[in-house]
Amino acid sequence: MPNRSYLVGLIGSGIGPSLSPALHEREADRQGLRLVYRLIDIDTLGVPPEAVGDLLRAARDLGFDGLNITHPCKQLVIEHLDALAPQAEALGAVNTVVFEDGRAVGHNTDVTGFASSFARGLPDAPLERVVQLGAGGAGAAVAHAMLTLGAERVTVVDALPERAAALAGSLNRAFGEGRAAAAPPERRTELLAHADGLVHATPTGMAAHPGMPLPAELLHSGLWVAEVVYRPLETELLRTARAVGCATLDGGGMAAFQAADAFRLFTGREPDAARMLTDLTELAGAVGASN
């Protein structure tokens, strides 16, 4: 592949603190590539999420090679794309767009990012019964990843029962009837008592949303606990889970490996995913120390 420069960016809301620019630019530097990563924050621009189509067209016209897409535009961007990779189509959400020969093609690296992180961090975790908190965009990606990894049954719990039911329905259509179910929050006690693992995919625990997503007494040493939040890397949930003897997985791996998969799509070059994970841990730690 010819040595060339790349211009990529991120469209989303409140993305000023994003670590994506540093992750992509560091890896490009190590590979001898010129890559510039721009933030396109809809809050700063004063435009609604529905403007994602206009921003996409502008980026393509300006010569961008691709874009990452984050909250709240992952679903809204789909109608403005020319094609979808199978995973993005199955998920109904796009977090990476590549401009190829004048076409905008949507991908989802959240699924592969979480799957890679889980396989690396909890390789021997039992997967018969998994409880997942959260059915939003991250939740949909993580649930797809868990079933791809071989989870027998994922039960999705969300504060909005209709959202949990919709996700469970789409999972059953994609993976086979009975692989997923929806449950209301009041069933968490009974579900976790018999579960192998807990996946947390809500914003609770982030710097802006501190706290625990469930009562601490529901955790027990027979559970593994996987977190999606990575700012901070050690959430209150993970700290509490480790204290009661749970095997745990922080959200850093998903963030780093989805970035690595996006880097591959943008540049056609093979990233060093382990090195990007080291970068993320270092960057997240530095951010945590400065907050």
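In this text the structure is predicted, and so the values were computed from the model without any measurement.

A. Main features of the overall build of the protein. Per the secondary structure count, the protein includes 11 helices and 12 strands. A globule of 291 residues ought to have a C-alpha radius of gyration of about 19 Å, and the protein, at 19 Å, matches this closely. Counting only C-alpha atoms, the protein reaches 55 × 40 × 35 Å along its principal axes. Counting across all 291 residues of the protein, residues that qualify as buried make up 50%. For the protein, the proportion of contacts with a sequence separation of at least 24, taken over those separated by at least 6, is 69%. As presented, the protein carries roughly 12,500 Å² of accessible surface, and 52% of it is formed by carbon and sulfur atoms. Charge centroids of the protein, computed over 23 positive and 34 negative side chains, lie 3 Å from each other.

B. Expanded view of the packing of helix α6 (residues 137-148) against helix α7 (residues 161-175). Running from N to C, α6 and α7 point in directions that differ by 35 degrees, and their axes come no closer than 11 Å. Remark: the crossing between α6 and α7 carries right-handed chirality. Counted together, Gly139, Ala140, Ala143, His144, Leu147 and Thr148 of α6 and Leu167, Leu171, Ala174 and Phe175 of α7 form the full contact between these two elements. Residue classes in the contact of α6 with α7 are distributed as 7 nonpolar, 3 polar and no charged.

C. A look at the pairing of strand β6 (residues 103-107). The buried fraction of β6 amounts to 4 of the 5 residues, a majority that puts the element mostly inside the structure. Relative to β6, strand β4 (residues 83-84) is paired through 2 bridges, and the arrangement is parallel. Across the sheet, the residue bridging to Ala83 is Val105, located in β6. Where strand β5 (residues 96-100) meets β6, 5 bridges bridge the pair, whose relative direction is antiparallel. Along β6, the bridge assignment pairs Val98 with Val105.

D. Examining the sheet that holds β6 more closely. If you walk across this open sheet you meet the 6 strands as β2-β1-β3-β5-β6-β4, and the pairing is mixed. In this open sheet, the two edge strands, each paired with only one partner strand, are β2 (34-41) and β4. Bridge analysis of strand β1 (residues 5-12) against strand β3 (residues 66-69) gives 4 bridges, and the strand direction is parallel. Each bridged residue has a counterpart across the sheet, and for Gly9 the counterpart in β3 is Leu67. Here helix α1 (residues 20-30) sits on the sheet in contact with β2 and β3, set at roughly 170 degrees to β2.

E. The pairing of strand β10 (residues 197-200), seen in detail. By the alternation rule, side chains of β10 split into Gly197 and Val199 and Leu198 and His200, which are all buried. Sheet topology places strand β7 (residues 129-133) next to β10; 4 bridges connect them, and they run parallel. The partner of Gln132 across the bridge, within β10, is Val199. Pairing analysis gives 4 bridges linking β10 to strand β11 (residues 224-227), with the strands arranged parallel. Among the inter-strand pairings, Leu198 is bridged to a residue of β11, identified as Val225.

F. Up close: the UniProt feature "domain: SDH C-terminal" (unreviewed entry) in the protein. Per the UniProt record, the feature "domain: SDH C-terminal" (unreviewed entry) sits at residues 253-277. End C-alpha atoms of residues 253-277 are separated by 6 Å, and the span's content is 80% helix alongside 0% strand.

G. Seen up close, the pattern of salt bridges. For the structure shown, the criterion picks out 17 salt bridges. Between Arg30 and Asp279 there is a salt bridge; the shortest N-O distance is 2.7 Å. Taken as a pair, Arg30 in helix α1 and Asp279 in helix α11 (residues 273-290) lie far apart in primary sequence, 249 residues in all. With a closest N to O distance of 3.4 Å, Arg239 and Glu234 form a salt bridge. Assessed through its relative accessible area of 36%, Glu234 is described here as partly exposed. One network of salt bridges, in which partners are shared, links Arg26, Glu27, Arg30, Asp272, Arg275, Asp279 and Glu282.

So, how was this worked out
- Residues numbered from 1 in each chain as written.
- Predicted model: local features only at pLDDT ≥ 70, side-chain atom pairs only at ≥ 80, totals over all residues.
- Heavy atoms only, no water.
- Helix = DSSP H or I, 4+ residues; strand = E, 2+ residues; numbered from the N terminus.
- Rg over C-alpha atoms; globule rule 2.2 N^0.38 Å.
- Buried < 20%, exposed > 50% of the residue type's maximum accessible area, 1.4 Å probe, protein only.
- Contact = heavy atoms within 4.5 Å.
- Areas by Shrake-Rupley, 256 points an atom, 1.4 Å probe, with all protein chains shown as cover.
- Lys, Arg positive; Asp, Glu negative; His and termini not counted.
- Charge placed at Lys NZ, Arg CZ, Asp CG, Glu CD.
- Axes fitted to C-alpha atoms, helices over the stretch in contact; angles between N-to-C directions.
- Left-handed = near helix turned anticlockwise from the far one by under 90°.
- Nonpolar A, V, L, I, M, F, W, Y, C, P; charged D, E, K, R; others polar.
- Pairing = 2+ DSSP bridges.
- UniProt positions renumbered as here; feature names shortened; annotations may be inferred.
- Salt bridge = Lys/Arg side-chain N within 4 Å of Asp/Glu carboxyl O.

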